[in-house]
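Listed below are the residues making up each chain.
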There are 2 protein chains.
Amino acid sequence: MTNPTCFLHSPLDMHIHFREGDMLRRVAPLSARTFAGGVIMPNLVPPVDDFGRLERYAAEVRTAVAGHAFEPYMTLFMRPYTEKELASMKDRIIGVKLYPEGVTTHSDTGVGNLRDVEDTLASMEEMGIRLMVHGETSDFVLDRERAFLPVYEDLAARFPRLDIVMEHITTLEAAALLDRHENLYATVTLQHLLITLDDVAGGLLNPHLFCKPIAKRPEDRDALLARALEAHPKLAFGSDSAPHPVDRKECAGCAAGVFTAPVALQMLVGLFEENGALDQLQAFVSDNAQRIYGVAPPEKTVVFEKTGAVIPERYGDVIPMYPGRKLDWTVADVH
Amino acid sequence: MTNPTCFLHSPLDMHIHFREGDMLRRVAPLSARTFAGGVIMPNLVPPVDDFGRLERYAAEVRTAVAGHAFEPYMTLFMRPYTEKELASMKDRIIGVKLYPEGVTTHSDTGVGNLRDVEDTLASMEEMGIRLMVHGETSDFVLDRERAFLPVYEDLAARFPRLDIVMEHITTLEAAALLDRHENLYATVTLQHLLITLDDVAGGLLNPHLFCKPIAKRPEDRDALLARALEAHPKLAFGSDSAPHPVDRKECAGCAAGVFTAPVALQMLVGLFEENGALDQLQAFVSDNAQRIYGVAPPEKTVVFEKTGAVIPERYGDVIPMYPGRKLDWTVADVH
């Protein structure tokens, strides 16, 4: 008798933080091993917001994932861009990422007032360049995403041909917007399908589950999970995997981010299996994204076996989600 | 020209964690220096729940505060007690503290089912022994106090002569209960007058502001502050000052508790002054408690001067609330 197996074809992570330098070289191969491609976030210091910086960062990323069938989909950090600038970079990016000023890690050079990028948004719509958004305001932490939803609705209505991705949605109400505006899409992380604020702060405080947007209420998590398990056609997996060295997590001022990249797929297989939805996982982790973003990632088949494994305690100085926890599924082969 | 001064007479902290051993010897004098008395929590391991343990702990506390005009008001950890047991300890305690099982630090031996202590509550009512309660359920972290409020209402109605103190209230709705049941009282901490969940998890995650019950929404904080500033006659100050060594705070599983004892009064003077309510502070930090609990603490006058100070970064291996932050007021004299 053989162990149960499961296959995923060209899985995609539509929201990853690869960082730069040593951290990039450590974490990028962990994604590139199992994923066939991913959307690389531009919130570096300084941000990826011109041609030269984009070219250099793309080259650095390609070097870090060399030897893997992995396509990095690069992004630009939103600022007011001229049409000429956008035209020069259009074919090298999957979209422009908008960070409202100050809402998350390395967003202090983000957009303070949307009016400042009106013309850029109009050009993007005209040129068919996707907008990706960290949709939070600076309101009370639990209200930030909900308070941003009218902005999504306003943008979706005023720029009807602009594809807008609500990144890492965390609330029932954000999920509901998918069905209200044709040009609104979303990514959702692994942790927001699994945890609530209870897991972060309900027992002992767990900095390794602290991220932005912060995990919300059980009804929010349940709504997101339901959309993922049905592979809602406008929803794609984006891990928002965000590595921080342990001394930036277990300290007096813990940085936001959960590191899931190396175990996300194994955990997703387990989660979808538990919920009797394994047949929807291929769409959730690849097919939806291929259709939504119009990408054709490298061919890659990941074979999972139900042989059990344990999540490593550390990857270098980075602690993953659920260190030491048992996994039912393990990656048996990638070809 | 002299600096502004302010006086408090026999300030009381109606909810303190003194711990045992080395920690007790370190933190108790920090409270005893400025406070004239305090309610000492019984959730040690094992809990303070019999005559011998109570006597030994009271003696250890008295040794730790020797030389200070400070009266420790001892408490018992709730379990089913016989009338005889209660009678033997009645004059040595200010009340019995009820911890629902598993809701906070060292509460795993707490009460699983209130029916188990019905007889004890009836005896306490008969004998005039106060009930103090950590009022949280095991619901979703932000709902725990609200979900417990019907229990307070039920107890208040069924034991109308039992004085019940809602410890460390954190919500608008808990504050409102004070005006609905004659025999319900409350303590409130310093941090719950100052912070919301935003301060804990809205920017970087701050383990030193993580406590149970967790800080809630701005409207909750504002409601508590309003009651404190008016020195609501059924509300007393109780710091819930809870020292943990830094390695139990800045780690993967941070213990709940904010350490405020050595700076609480100075911060309260500043807070009440800012809000034009300095004339209410004496009632909030002493007179209300003297009346509610029927205690007559040692005579002690604390003189504050507006000369400025800085909160120490550490007290041994314990990090206080707001380390390094400037204070307007400092303790100039205690006599």
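Refer to the structure printed above.
Predicted model only: the values in this text are computed from it and were never measured.

Draft legend 1. Fine view of the packing of helix 1 (residues 21-34) of chain B against helix 2 (residues 51-64) of chain B. All names here are of chain B. Interaxial distance between helix 1 and helix 2 falls to 8 Å at its minimum, and their mutual angle equals 60°. Comparing the axis directions of helix 1 and helix 2 gives the class oblique. Crossing angle aside, the handedness with which helix 1 passes helix 2 is right-handed. Here Leu24, Arg25, Ala28 and Pro29 of helix 1 lie close against helix 2, whose contacting residues are Glu60, Val61 and Ala64. A class-by-class count of the residues in the contact of helix 1 with helix 2 yields five nonpolar, no polar and two charged.

Draft legend 2. A look at the interface of chain A and chain B. At the junction of the two partners, chain A supplies 23 residues and chain B supplies 23 residues. Examining the composition of the side of chain A that touches chain B, we find that three residues originate from one element, helix 8 (residues 197-201) of chain A, more than from any other. When the residues that make up the side of chain A that touches chain B are grouped by side-chain class, the tally is 15 nonpolar, five polar and three charged.

Draft legend 3. Spatial organisation of the sheet that holds strand 13 (residues 330-334) of chain A. Residues and elements named next belong to chain A. In space, the three strands of this open sheet follow the order 1-10-13, with antiparallel pairing throughout. The two strands at the open ends of the sheet, each matched to only one other strand, are strand 1 (5-9) and strand 13. Along the sheet, successive strands turn relative to each other by an average axial angle of 30°, direction set aside. Relative to strand 10 (residues 301-305), strand 1 runs antiparallel, the two being bridged by five bridges. For His9, the partnering residue across the bridge sits in strand 10 and is Thr301. Lying on the sheet, helix 11 (residues 264-274) is in contact with strand 1, strand 10 and strand 13; it crosses strand 10 at an angle near 60°.

Draft legend 4. Summary view of the relation of the copies chain A and chain B. Aligned on chain B, chain A shows an RMSD of 0.0 Å; the corresponding rotation is 180° and the shift along the axis is 0.0 Å. Both copies of the chain, as the preceding transformation shows, are related through a two-fold rotation axis. No C-alpha of chain A lies nearer the rotation axis than that of A:Glu250, which sits 2.5 Å from it. Taken as a fraction of all interface residues of chain A, those also at the interface in chain B reach 100%, which identifies the copy contact as same-surface.

Draft legend 5. Representation of unusual backbone geometry in the model. Residues and elements named next belong to chain A. For the bond running from Val45 to Pro46, omega is -5°, close enough to zero to count as cis. Positionally, Pro46 belongs in the loop between strand 3 (37-40) and helix 2 (51-64). A cis amide bond links Lys212 with the next residue in sequence, Pro213, at an omega value of -5°. Non-glycine residue His168 carries a positive phi angle of around 35°. Looking at the secondary structure, you find His168 in the loop between strand 7 (164-166) and helix 6 (172-177).

Draft legend 6. Structural view of the sheet that holds strand 13 (residues 330-334) of chain B. Residues and elements named next belong to chain B. What the three strands build is an open sheet, ordered 1-10-13; its pairing is antiparallel. Edge strands, defined here as strands with exactly one partner in the open sheet, are strand 1 (5-9) and strand 13. The average undirected angle you get between the axes of adjacent strands in this sheet is 30°. Strand direction decides the pairing type here: strand 10 (residues 301-305) and strand 13, joined by four bridges, are antiparallel. Its bridge partner being in strand 13, Glu305 is matched across the sheet by Thr330.

Draft legend 7. Just the nonpolar core, in detail. Judged by nonpolar contacts, the single largest core of 210 residues is most densely connected at A:Ile164, A:Met166, B:Ile164, B:Met166 and B:Leu268. The element best represented in this core is helix 11 (residues 264-274) of chain B, accounting for seven residues. Ignoring anything within four residues of it in the chain, the contact list for B:Leu268 reads B:Leu190, B:Leu281 and B:Val285.

Draft legend 8. Representation of helix 1 of chain B in the model. Listing the buried residues of helix 1 of chain B in full gives B:Leu24, B:Val27, B:Ala28, B:Leu30, B:Ser31, B:Ala32 and B:Thr34. Buried-residue contacts for helix 1 of chain B involve strand 2 (12-16), strand 3 (37-40), helix 2, helix 11, strand 10 and strand 13 of chain B.

Draft legend 9. Structural detail: the environment of B:Ser239. Residue and element names in this part refer to chain B. Looking at the secondary structure, you find Ser239 in the loop between strand 9 (235-237) and helix 10 (246-249). Note on Ser239: 30 C-beta atoms within 10 Å, which makes it buried. When the C-alpha positions of Ser239 and Thr260 are compared, they lie 6.8 Å apart, and in sequence the two are 21 residues distant. In this structure Ser239 touches Asp13, His15, Ile16, Thr189, Leu190, Thr260, Ala261 and Ala264, once residues within four positions along its chain are discounted.

Scoring rules and cut-offs
Residues numbered from 1 in each chain as written. Chains lettered and ligands numbered in written order. Predicted model: local features only at pLDDT ≥ 70, side-chain atom pairs only at ≥ 80, totals over all residues. Axes fitted to C-alpha atoms, helices over the stretch in contact; angles between N-to-C directions. Helix = DSSP H or I, 4+ residues; strand = E, 2+ residues; numbered from the N terminus. Parallel < 35°, antiparallel > 145°, perpendicular 65-115°, else oblique. Left-handed = near helix turned anticlockwise from the far one by under 90°. Contact = placed C-beta atoms within 7 Å. Nonpolar A, V, L, I, M, F, W, Y, C, P; charged D, E, K, R; others polar. Pairing = 2+ DSSP bridges. Least-squares fit on C-alpha atoms with pLDDT ≥ 70 in both. Core = buried A, V, L, I, M, F, W, Y, C linked by C-beta atoms within 7 Å. Buried ≥ 20, exposed ≤ 12 C-beta atoms within 10 Å, placed from the backbone.

Everything listed is a geometric property; what it means functionally is a separate question.
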